[in-house]
Amino acid sequence: MLALSAEGILPKLDYAIFADTGWEPASVYAHLDRIEREIAKPAGIPILRVSSGNIRDDALDPDHRFASMPLYILNQDGRPGMTRRQCTGEYKVKPIKKKIRDILGHPYPVRVPKDVFVEQWIGISTDEFHRAKDADVKYMKNRHPLIDMGWSRSDCVRYLTSLGLTETPKSSCLGCPFHGNAQWRKIRDTSPAEWADVVEFDAAIRKGNARANAAGTKLLGEAFLHRSRVPLGEAPIDHVTRGERAALDDADAETAELGVVNGCSPWSCRGDAEQDDFGLAS
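Only a predicted model underlies this, so the values are computations on that prediction, with no experimental measurement involved. (Residues numbered from 1 in each chain as written. Predicted model: local features only at pLDDT ≥ 70, side-chain atom pairs only at ≥ 80, totals over all residues. Heavy atoms only, no water.)

### Some words on the environment of Asp33
Basically, it comes down to this: Where helices and strands are cited, they refer to DSSP runs of H or I of at least four residues and of E of at least two residues respectively, numbered from the N terminus.
Its place among the elements puts Asp33 in helix α2 (residues 26-43). C-alpha of Asp33 to C-alpha of Ile47: the two residues are 14 residues apart in sequence and 9.7 Å apart in space.

Structure (structure tokens):
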């Protein structure tokens, strides 16, 4: 959408906002720098980077209140479970709303007048039209330009390819439990340092987040990043899931790589999607 706006295909944006959880892959930060340099700045569109903190550091800090990640749980009686997902609201939605209120000139807790609002574009394509929803506050009016244009994910991939942006990476935390096996494999096979980081984090949260442990409310059971509920370094990530096979059967390899599964957007987190064998969204 930023590129479409910069080219004049869509109206010119006043701002683009990136909510930084502090734990994105290095490739995402490099890509953000590139599109800011090559697309946004030449078009006069500021990219605002906002944050509520570093989600990895916060989870391991006993002195920091932590909005829980959706960890897979193995209870003491052997039953599977999952912790609540609060991270999208805390690390994505909250800082974006704060910045929007600042832009409007009505920072919290000042009340935003009824006739003051922003039009907010959300990049949901026709493949996921069911995720398109109205905003939950009156000072934001959601619009979905890709759906209005009738663009599917494949249309987006073709457009990005025409701009030389074929390698657009998925935006999501390195250690997001909603990664599919293909994403875990990509981290392991292409970025040894990032793989070591997520394996270390997986071990560190086995008994839950540090704040809860320090408060004496240790998790009754064990927590894991992978749906199989075994340590990440031992998880069956080489298993090709039904969803992954279907993505490769239904689209070319570029389309499958550029976003068929499990990115993370403030208003379209795929974590709510049904998942099949060992964690790939179907």
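Having put the structure on the table, let's press on.
### Here we look at unusual backbone geometry
Put simply, the rule reads: Relative accessibility under 20% of the residue-type maximum defines a buried residue, over 50% an exposed one, and the middle range a partly exposed one, all with a 1.4 Å probe and only protein chains included.
At the junction of Tyr108 and Pro109, the peptide bond is cis and its omega measures out at 10° in the coordinates. Along the chain, the position of Pro109 falls in the loop between α4 (87-104) and β5 (118-121). Residues other than glycine seldom take positive phi values, yet Arg229 does so here, at roughly 60°. The topology assignment puts Arg229 in the loop between β7 (221-224) and α10 (242-250). Owing to a relative accessible area of 18%, Arg229 belongs among the buried residues under this scheme.

### Some details on helix α8 (residues 192-204)
Put simply, the rule reads: A helix's residues, less one, multiplied by 1.5 Å, set its expected span. Relevant arc is that of directions from the helix axis to the C-beta atoms, nothing else. Here a residue-residue contact requires only that any non-hydrogen atoms of the pair lie within 4.5 Å.
With 13 residues, α8 extends 18 Å from end C-alpha to end C-alpha; this agrees with the ideal 18 Å at 1.5 Å per step. Within α8 the residues assigned to the buried category are Glu194, Trp195, Asp197, Val198, Phe201 and Asp202. For α8, the angular spread of buried residues about the axis comes to 160°, placing them on one side. The exposed residues of α8 that point more than 90 degrees off its buried face are Pro192, Ala193 and Glu200. Contact partners of the buried residues in α8: α2, α3 (55-59), α7 (181-190) and β7.

### Overview of the environment of Ala132
Relative to the elements of secondary structure, Ala132 occurs in the loop between β5 and β6 (140-143). If sequence neighbours within four positions are ignored, Ala132 has contacts with Ile124, His144 and Ile147.

### A word on helix α6 (residues 153-162)
Helical periodicity: at 3.6 residues per turn, an α-helix aligns residues three or four positions apart in one direction. Those residues of α6 that sit buried are Arg153, Cys156, Val157 and Tyr159. Summarising the axial view, the buried residues of α6 lie within an arc of 165°, below the 170-degree limit, and thus occupy one face. Of the residues in α6, the exposed ones pointing more than 90 degrees away from the buried face are Arg158 and Ser162. At the exit of α6 stands Gly164, carrying a positive phi of roughly 80°.

### Some words on the packing of aromatic side chains
The criterion, for reference: Here a Phe, Tyr or Trp ring, Trp counted by its six-membered ring, pairs with any other such ring whose centre lies within 6.5 Å, and the pair is stacked when the planes are under 30 degrees apart, edge-to-face when over 60, and tilted otherwise. Any Lys NZ or Arg CZ found within 6 Å of a ring centre and within 35 degrees of that ring's normal is scored as a charge over the ring.
If you walk through the whole model with that rule in mind, you get 2 aromatic pairs. Judged by centre distance (5.5 Å) and plane angle (65°), the ring pair of Trp151 and Tyr159 falls under edge-to-face. You'll find Trp151 and Tyr159 in the same group, each marked buried. The ring of Phe117 has Lys141 lying over it, and the distance from NZ or CZ to the ring centre is 5.5 Å.

### A look at the sheet that holds strand β4 (residues 80-82)
Sheets are built from strands paired through backbone hydrogen bonds, the pairs being either parallel or antiparallel. Note the following rule: In this description, strands pair whenever DSSP reports at least two bridges between them. The angle between two axes is taken between their N-to-C directions and runs from 0 to 180 degrees, where each axis is a line fitted to C-alpha atoms and a helix contributes only its stretch in contact.
Taken in spatial order, the 3 strands line up as β4-β3-β7 in an open sheet, and their pairing is antiparallel. The open sheet has two free edges, formed respectively by β4 and β7, since each of these has just one partner strand. The mean inter-strand angle of the sheet, taken between neighbouring strand axes irrespective of direction, is 30°. The sheet contact formed by strand β3 (residues 72-75) and β7 spans 4 bridges and is antiparallel. Bridge pairing in β7 places Tyr72 opposite Phe224.

### Some remarks on the side chain of Ser5
Defined as follows: Two N or O atoms form a polar contact when they lie within 3.5 Å of each other; inside protein one atom must be a possible hydrogen donor and the other a possible acceptor, and for residues adjacent in sequence the pair counts only when both atoms belong to side chains.
With respect to the helices, strands and loops of the structure, Ser5 is situated in helix α1 (residues 2-6). Separated by 3.0 Å, the side chain of Ser5 and the backbone nitrogen of Leu13 make a polar contact. Each residue touching Ser5, except ones within four places of it in the same chain, is listed here: Leu10, Pro11, Lys12, Leu13, Ile45 and Trp121.

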